[in-house]
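# A structural walkthrough
Take a look at the letters that make up each chain.
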Amino acid sequence: MKTGLFQPLSLAIGLRYAGSRRSNRFVSFISLFSTFGIAIGVAALMVVISVMNGFEGQLKGRILGVIPHVVLTSQAGRIDAHPEGLPDLAKLPHVVATAPMLDSEGMLQSPGQLTGVSVQGIDPARWPKEDILHSQMLGGRLDSLKGGEYQIVLGQGVARRLGVGLGDPVRLILTEATRFTPFGRVPAQRIFTVSGIFGVGADVDDQIALIALADAQRLLRLPPETIGGLRLWLDDPFAADAVIKTPLPAGYQWQDWRRERGELFQAVAMEKRMMGLMLVLIIAVATFNILSALVMVVTDKEGEVAILRTMGMNEAGIVRIFMVLGASSGVIGALFGALAGLALTLGLNPLLNGLGLNLYMAAGGSGLPVIVEPMQVATILGGAVLLSFGATLYPAARAARVKPAEALRYE
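Residues numbered from 1 in each chain as written. Predicted model: local features only at pLDDT ≥ 70, side-chain atom pairs only at ≥ 80, totals over all residues. Heavy atoms only, no water.

- With an unreviewed UniProt entry as reference, the protein chain is termed Lipoprotein-releasing ABC transporter permease subunit, source organism Aeromonas bivalvium.
- In its Sequence similarities (unreviewed entry) section, UniProt records this for the protein chain: "Belongs to the ABC-4 integral membrane protein family. LolC/E subfamily." (UniProt positions renumbered as here; feature names shortened; annotations may be inferred.)

Right, dumping it as structure tokens:
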């Protein structure tokens, strides 16, 4: 006789009980209800997690496509353009490109408006061609930024607030650099021409202005060999820890995107975890229905259990029978829920459009972002099955404790 987790006899009897019509209709209803409950919970969890993955992916691509992933700089925010004694940055894990940069806070003024911006001095020749900014230019080109020509590329939100378009002049004022005049300290300022407008669909459109690195150095009165830092692009911005753990010589330090945007992504991750927890509770409630239904089945089958015991089946065999019986509802529910969840997730936008409920598209989006992670699907499916097995332990143990003599006394 085989000694696996489920012996052939226990498995056959458990599946026969699962497929047979029960005399107690209430027990049948509870079992069916628990199966549907698990299916609905699994499907809902897959849909919600996939949509949350989509929003997180959009934030990562749009916001982290514009702000630096990692910057090598110093406490003062200024380093040599060709620093010595540093590790080979291009060979660090996850690093796909590097480029010098110089950032500052400033003000932009048009004939009728004034707004604050974060100014980035960049070298377009060393900017990665696959970067999101190249594909999200609404007008003009990023490589129009050339030293000495005083061109500027604006986010669409900044351009809208200033009421300017391509070719219009704007005055850039940098308060970090000042000069003394007979009228006192005057911030550095210069007229720039708008040569490009980008729109990535995030709040960075309202905050960022790009100018040539050489122009930023002139405005800040810095020599050509001084920059703000070396910007690193990563294949996955969330892998920044693998880079910043690299030791640096004295005077240098790492900065990553979490300094500016860490709280936003932590909030998104917390929201995803809380939504997942709420939907897991739905599955847990359904598994409690399995437990209650199985307890009633055990009471109904006491006579048959007693007969099996008198025929030589041990307690472990009885436990396996009722574990198969109870877990079958969970397995069936989890499988149907996973299939329904995948179908709903992949067809979510057409379904919402057909029902006229796609509020995200009505607000100007292209549809709800959806990213299905196979590992998450496997985890949800496996978790639902494990919860179902856990719900069978008490009823199965109770069935194993049935005393044949007492159960068959009135048979």
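More follows now that the structure is in view.
### A word on the overall build of the protein chain
- Per the secondary structure count, the protein chain includes 13 helices and 12 strands.
- For the protein chain, the residues scored as buried account for 47% of the 411 residues in total.
- A separation of at least 24 residues holds for 79% of the contacts in the protein chain among residues at least 6 apart in sequence.
- Here the protein chain has roughly 20900 Å² of accessible surface; of this, 61% comes from carbon and sulfur atoms. (Helix = DSSP H or I, 4+ residues; strand = E, 2+ residues; numbered from the N terminus. Buried < 20%, exposed > 50% of the residue type's maximum accessible area, 1.4 Å probe, protein only. Contact = heavy atoms within 4.5 Å. Areas by Shrake-Rupley, 256 points an atom, 1.4 Å probe, with all protein chains shown as cover.)

### Points about the side chain of Thr35
- Here Thr35 shows up in helix α2 (residues 25-62).
- By relative accessible area, Thr35 is classed as buried at 16%.
- Beyond its immediate chain neighbours, meaning those up to four positions away, Thr35 contacts Ser329, Ile332 and Gly333.

### Describing the packing of aromatic side chains
- Applying the stated rule across the entire model yields three aromatic pairs.
- Between the aromatic rings of Tyr150 and Phe192, the centroid separation amounts to 5.4 Å while the plane-to-plane angle is 80°, which identifies the pairing as edge-to-face. A residue pair is termed long-range when its members are at least 10 positions apart, and Tyr150 in the loop between β5 (137-140) and β6 (151-155) and Phe192 in strand β8 (residues 184-198) qualify at 42 residues.
- By relative accessible area, Phe192 is classed as buried at 0%.
- A cation over an aromatic ring shows up here: Arg190 above the ring of Tyr150, its NZ or CZ 3.9 Å from the ring centre. (Phe/Tyr/Trp six-rings, centres within 6.5 Å; stacked < 30°, edge-to-face > 60°. Lys NZ or Arg CZ within 6 Å of the ring centre and 35° of its normal.)

### Some words on unusual backbone geometry
- In this structure, Tyr150 is a non-glycine residue whose phi angle is positive, near 50°.
- Of note, the phi angle at Arg221 is positive, near 55°, even though the residue is not glycine.
- Mapped onto the fold, Arg221 is located in the loop between α5 (213-219) and β10 (226-227).
- Overall, the relative accessible area of 44% leaves Arg221 in the partly exposed class.

### Some details on the packing of helix α9 (residues 315-346) against helix α12 (residues 374-400)
- In contact at an axis separation of 7 Å, α9 and α12 are set at 150° when each is read in the N-to-C sense. Considering the angle they form, α9 stands roughly antiparallel to α12. Viewed along their axes, α9 and α12 form a crossing whose handedness is right-handed. Residues Glu315, Ile318, Val319, Phe322, Met323, Gly326, Ala327, Gly330, Val331, Ala334, Leu335 and Ala338 of α9 form the contact with α12, whose participating residues are Leu381, Ala384, Val385, Ser388, Phe389, Thr392, Leu393, Ala396, Ala397, Ala399 and Ala400.
- Taken together, the residues of the contact of α9 with α12 break down into 18 nonpolar, four polar and one charged. (Axes fitted to C-alpha atoms, helices over the stretch in contact; angles between N-to-C directions. Parallel < 35°, antiparallel > 145°, perpendicular 65-115°, else oblique. Left-handed = near helix turned anticlockwise from the far one by under 90°. Nonpolar A, V, L, I, M, F, W, Y, C, P; charged D, E, K, R; others polar.)

### Brief notes about the UniProt feature "transmembrane region" (unreviewed entry) in the protein chain
- When the UniProt feature table is mapped onto this chain numbering, "transmembrane region" (unreviewed entry) sits at residues 28-52, 277-298, 318-344 and 377-397.
- In residues 318-344, helix accounts for 100% and strand for 0%; the two terminal C-alpha atoms are 39 Å from one another.
- Counting secondary structure, residues 377-397 comes out at 100% helix and 0% strand; the distance between its end C-alpha atoms is 31 Å.

### Thoughts on the nonpolar core
- Residues Leu108, Ile152, Leu154 and Leu210 are the most contacted members of the largest nonpolar core, which totals 63 residues.
- The residues touching Leu154, leaving out its near neighbours within four places in the chain, are Leu108, Ala159, Leu162, Val164, Val194, Gly196, Ile197, Phe198, Ile208 and Ala209.
- One finds Ile38, Ala286, Val385 and Ala391 within the second-largest nonpolar core, a separate group that totals 16 residues. (Core = buried A, V, L, I, M, F, W, Y, C linked by side-chain atoms within 4.5 Å.)

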